[in-house]
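# Reading the structure
As a plain string of letters, each chain reads:
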Amino acid sequence: MANLERKPHIKILEVIEIGFLIAIVFLTTLLLLGISETRIAGWISLLQLVSFIFLAVNINWRKINDSLTQWGLFWGIIWLATLAVPAIIDFFTDFIYGLSH
């Protein structure tokens, strides 16, 4: 029964490698199609916000809470804020700009 309940284990390095590969292919394709960097940045901001929300909903928070130290939590909050705040500002700025033009 325990073997049936196991989920595949994905290493964090594999996630980082796949993420960079997708980013490079995505950016190269869009630039080759002639899409401006400003438009790409707006799409990426929206994608960052949406993917963050889905990630936050799907994380097993109990395991993370059990493994975090106070310093780990502190630096995690700083890291999250530095990622989330610019993405949220960009998203709303682009959204308002899109409504006005």
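In this text the structure is predicted, and so the values were computed from the model without any measurement.

Here we come to the packing of helix α2 (residues 12-32) against helix α3 (residues 37-58). Running from N to C, α2 and α3 point in directions that differ by 145°, and their axes come no closer than 10 Å. Seen along the crossing, α2 lies across α3 with a hand that is right-handed. Facing α2, whose interface residues are Phe 26, Leu 27, Leu 30 and Leu 31, α3 presents Glu 37, Ile 40, Trp 43 and Ile 44. In terms of residue class, the contact of α2 with α3 is built from 7 nonpolar, no polar and 1 charged.

Another point: the packing of aromatic side chains. Taken as a whole and judged by the stated rule, the model has 4 aromatic pairs. Measuring from centroid to centroid gives 4.9 Å for Phe 74 and Trp 75, while their planes differ by 75°, and the two rings are edge-to-face. The interplanar angle of 70° and the centroid separation of 5.1 Å between the aromatic rings of Phe 91 and Phe 92 together place this pair among those described as edge-to-face. Aromatic rings pair up to connect Trp 71, Phe 74 and Trp 75 into one cluster.

Glancing now at α2. For α2, with 21 residues, the first-to-last C-alpha span of 30 Å sits near the 30 Å given by 1.5 Å per residue. Just downstream of α2 lies Gly 34, where phi reads positive at about 85°.

As a further point, take the layout of surface pockets. Once rolled over the atoms, a probe with the size of a water molecule shows which space is left empty. Taken as a whole, the largest pocket encloses approximately 1,600 Å³ of empty space. In terms of lining residues, the largest pocket is bounded by 33 residues, among which Ser 51, Phe 52, Leu 55, Trp 79 and Leu 83 are the most central. Contributing elements (two or more residues each) for the lining of the largest pocket: α2, α3, α4 (61-67) and α5 (70-100). Grouping the constituent residues of the lining of the largest pocket by class yields 26 nonpolar, 6 polar and 1 charged.

Right, let's talk about the packing of α3 against α5 for a bit. For the pair α3 and α5, interaxial distance at closest approach is 8 Å and the crossing angle is 125°. Taken together, the axes of α3 and α5 lie oblique to each other. As for how α3 packs across α5, the hand of that crossing is left-handed. Contacts from Gly 42, Ser 45, Leu 46, Gln 48, Leu 49 and Phe 52 of α3 reach α5 at Leu 80, Ala 87, Ile 88, Asp 90, Phe 91 and Asp 94.

Rules used in this analysis
- Residues numbered from 1 in each chain as written.
- Predicted model: local features only at pLDDT ≥ 70, side-chain atom pairs only at ≥ 80, totals over all residues.
- Heavy atoms only, no water.
- Axes fitted to C-alpha atoms, helices over the stretch in contact; angles between N-to-C directions.
- Helix = DSSP H or I, 4+ residues; strand = E, 2+ residues; numbered from the N terminus.
- Left-handed = near helix turned anticlockwise from the far one by under 90°.
- Contact = heavy atoms within 4.5 Å.
- Nonpolar A, V, L, I, M, F, W, Y, C, P; charged D, E, K, R; others polar.
- Phe/Tyr/Trp six-rings, centres within 6.5 Å; stacked < 30°, edge-to-face > 60°.
- Expected span 1.5 Å × (residues − 1).
- 1 Å grid on protein atoms, 1.4 Å probe; cavity = no way out; pocket = protein on both sides within 12 Å on 5 of 7 lines; lining within 4 Å.
- Points joined across faces, edges and corners; volume = space filled by probe spheres on them.
- Parallel < 35°, antiparallel > 145°, perpendicular 65-115°, else oblique.

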